[in-house]
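# Structural features, examined
For reference, the chains in residue letters:
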Amino acid sequence: MSSPDWLSDGWLATLALTLGLGAVALLRHACRRVFGAQLAVLLWVVPPLAVVVACLPHAAAASLTGLPPVVLQIRSAPAPLIEVAHASAHERGLSWLVVAAWLAGAVVASVAAAVAQRRYRLRLQGARRIPAANLPWPVLQATHADMGPALVGAWRPRIVLPADFEQRYEPAERALILAHEAMHARRRDGWWCLVGQAMASLFWFHPMAWWALRALRQDLELACDAAVLSANDAPRALYARAMLKTQATGALLPVGCSWSSRHPITERIVMLKRIQPGHARRLAGRTSVGLLAATLSAAVYAATGLDAGSYHPGKDIVAKALQDARPAQDALAASTRRPSGNPASNAALGLPAPDSGAFGAAIKRLEIGEGGHVLIALADAHGSVAGHLDLEMHPVEQVGSVGWSCYSTDIPDVRQLAATCTYLPGFAGRNTVDLIAVDRFTFDMALSINGQQVDKASKVCLRKNEAYRFSHAQDAVHPPVQGAVSVQAIDGGQLEIQSDLAGGIIREPIHPKLHSFPGQTATIQVGEKIGGDHPQDHTVKLDITATPGCA
């Protein structure tokens, strides 16, 4: 996986976490008042669930309603035009620097938590195991008075009691404290703490992640208090008195539940005074929390699936594939001079088999298709499919000159990876409209020379095959360019845009044409572009958008 992939996935996960934590922050207090603390703590399922959902694979996306541009790239020489689209070393280095910084932070946070957990366990050395009736978890009495009561660990939890447990608490209070720690173990609160610590370590840069870890621990204590009082008939005053007698431990316990000064005792005592919700309200609470989790998960899944079924290869992979595909394009372009027409197979052009692996490390499969297509399946560093490109040949009506269009149906950001390529999601399945009877068209046109727009025409009304002529006189920056554009309808609900271009960097007049749908921007670009750290543009470009009828 390339560094842009890491950054993209990490950004989506961060947004999902922020959305989930925001929902919990807004609802936890209200949910606790209405449905009780035991149900309010279930809200903490939402943030990790949102992160997981954001990382899930999505089904293939449906066709988009908007029409992306069609681009026809032409060189005056016979060779195909392919932009040198290598990513700059600075961009790649910066992306990997960000990924390395995140990994370093996650490792530091994880190691710090592991060290704190080990220090707590080391302080338990010398603790003796004491019998506890009907408890399936080990109960240890520490050698320090500030250790415990606590539940330590997640996989094999242990209940830890302070050294002066019998002297500090009355028998009834001791029973409630054991019931409290046993309830933590029964509710698997150690696992909640482990997940919370893992999320905080992974998203160490996110302030809300550390707030969430503290708030989660507080809500776990409140939920445990409510569960203990619901299961026991002990007076609430007795339970509150046991809380006040407990010393706050200074030892940090990342995975486990301990009585800590970080847990507001006042709020816990106030919660003891509230009446526990009845069965109907608890049922409504479970339903509400479930609906919230389902709704938010669906929203995150939909939001992160806008480019579902798509690929995000690195810029270097696309550039290498376009470079390695050039011999196949040359072979196909040379076939235009054959009376028999264009061959429709690799063998007919003398190329290796599509799946031979002989086209370079960035190409998993290359196949010559009917109608002048070079179909490419990209390969990532592991040899897996990283997306698809369709290089379509457009013979210009003169010997030895060929133009190429580059499309991708599953790489949404292909235009940023290679400016000569266009994203066309689900384009082949669009419904067509019969435009043959239309005899007037409205079109907008923009003329650019060397990357700068020099002329523009809007809302021009033309009859079928009527030419719109334009010219740009030479100035201090741009050479003279002149030409003409006409539009006519063809089968399949498409428009054929014909053009004549001369002047500037064009050595001989050319007559390119291409097909587009109504309202779709069609670009005819002649010349050469060089990317990288010092991009250069030596092209003449026409951007044309045509629609049937005139206002």
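Relevant structure appears above.
Let us look at the structure shown here. (Residues numbered from 1 in each chain as written. Predicted model: local features only at pLDDT ≥ 70, side-chain atom pairs only at ≥ 80, totals over all residues. Heavy atoms only, no water.)

## Brief notes about the overall build of the protein
Secondary structure assignment for the protein yields 14 helices and 20 strands. Counting the 551 residues in the protein, one finds 47% classified as buried. Sequence separation of at least 24 residues holds for 59% of the intrachain contacts in the protein that already meet a minimum separation of 6. Counting every atom, the protein has about 26200 Å² of accessible surface; 59% of that belongs to carbon and sulfur. (Helix = DSSP H or I, 4+ residues; strand = E, 2+ residues; numbered from the N terminus. Buried < 20%, exposed > 50% of the residue type's maximum accessible area, 1.4 Å probe, protein only. Contact = heavy atoms within 4.5 Å. Areas by Shrake-Rupley, 256 points an atom, 1.4 Å probe, with all protein chains shown as cover.)

## With respect to unusual backbone geometry
Note the cis peptide between Gly 148 and Pro 149, where omega equals 0°. Within the element layout of this structure, Pro 149 appears in the loop between β3 (139-141) and β4 (150-152). Within the chain, Lys 459 stands out as a residue other than glycine whose phi angle is a positive 55°. Along the chain, Lys 459 turns up in strand β13 (residues 452-463). Overall, the relative accessible area of 64% leaves Lys 459 in the exposed class. In this structure, Asn 465 is a non-glycine residue whose phi angle is positive, near 65°. Looking at the secondary structure, you find Asn 465 in the loop between β13 and β14 (468-472).

## A word on the packing of helix α8 (residues 207-231) against helix α9 (residues 236-245)
Across the interface, α8 lies against α9 with an axial gap of 11 Å and an inter-helix angle of 140°. For the element pair α8 / α9, the angle class is oblique. The two elements α8 and α9 meet at a crossing, and its hand is right-handed. Mapping the contact onto sequence places Asp 225, Val 228 and Leu 229 in α8 and Arg 236, Tyr 239 and Met 243 in α9. Classifying every residue of the contact of α8 with α9 by side-chain character gives four nonpolar, no polar and two charged. (Axes fitted to C-alpha atoms, helices over the stretch in contact; angles between N-to-C directions. Parallel < 35°, antiparallel > 145°, perpendicular 65-115°, else oblique. Left-handed = near helix turned anticlockwise from the far one by under 90°. Nonpolar A, V, L, I, M, F, W, Y, C, P; charged D, E, K, R; others polar.)

## Here's the deal with the packing of aromatic side chains
In the structure shown here, the tally under the stated rule is six aromatic pairs. With a centroid separation of 6.0 Å and an interplanar angle of 45°, the aromatic rings of Trp 44 and Trp 211 are classed as tilted. Placement of Trp 44 in the loop between α2 (37-40) and α3 (46-55) and of Trp 211 in helix α8 is noted, with a sequence separation of 167 residues between them. Trp 44 gets classed as buried once you look at its relative accessible area, which sits at 6%. (Phe/Tyr/Trp six-rings, centres within 6.5 Å; stacked < 30°, edge-to-face > 60°.)

## A short note on the side chain of Ser 486
The residue Ser 486 is located in strand β15 (residues 481-490) in this model. For Ser 486, a relative accessible area of 9% gives the class buried. With residues near it in sequence (within four places) discarded, Ser 486 still touches Asn 465, Glu 466, Ala 467, Glu 496, Ile 497 and Gln 498.

## A few points about the nonpolar core
By size, the foremost hydrophobic cluster in this structure holds 31 residues, and its most contacted members are Leu 366, Val 374, Ile 376, Leu 378, Leu 389 and Leu 391. Breaking this core down by element, the ones donating at least two residues are α12 (315-324), α13 (326-334), β7 (363-369), β8 (373-379), β9 (385-395), β10 (402-408), α14 (414-417) and β11 (421-423). Excluding its chain neighbours within four sequence positions, the residues that come into contact with Val 374 are Ala 328, Gln 329, Leu 332, Leu 366, Glu 367, Ile 368, Leu 389, Asp 390, Leu 391 and Trp 404. Within the second largest apolar cluster, 26 residues are counted, among which are Met 445, Ala 457, Ile 506 and Leu 542. (Core = buried A, V, L, I, M, F, W, Y, C linked by side-chain atoms within 4.5 Å.)

## Some thoughts on helix α6 (residues 171-186)
Between its terminal C-alpha atoms α6 stretches 22 Å, which fits the 22 Å expected from 16 residues at 1.5 Å a residue. Of all the positions in α6, only Glu 173, Leu 176, Ile 177, His 180, Glu 181, Ala 182, Met 183, His 184 and Ala 185 are classed as buried. Arg 188, located one to two residues past α6, shows a positive phi value of around 55°. (Expected span 1.5 Å × (residues − 1).)

## Observations regarding the state of the cysteines
Linking two cysteines covalently through their sulfur atoms gives a disulfide. Under the definition given, this model contains one disulfide. Covalent S-S linkage joins Cys 406 and Cys 421, the inter-sulfur distance amounting to 2.0 Å. Handedness here is read from the sign of the S-S torsion; for Cys 406 and Cys 421, about 85°, the answer is right-handed. Pair noted here: Cys 406 is in strand β10 and Cys 421 is in strand β11, with a separation of 15 residues, a long-range link. Summary of cysteine pairing: Cys 224 is not part of a disulfide, and the nearest cysteine sulfur, belonging to Cys 257, is at 7.4 Å. In this structure Cys 224 comes out as buried when scored by relative accessible area, which is 0%. (Disulfide = S-S within 2.5 Å.)

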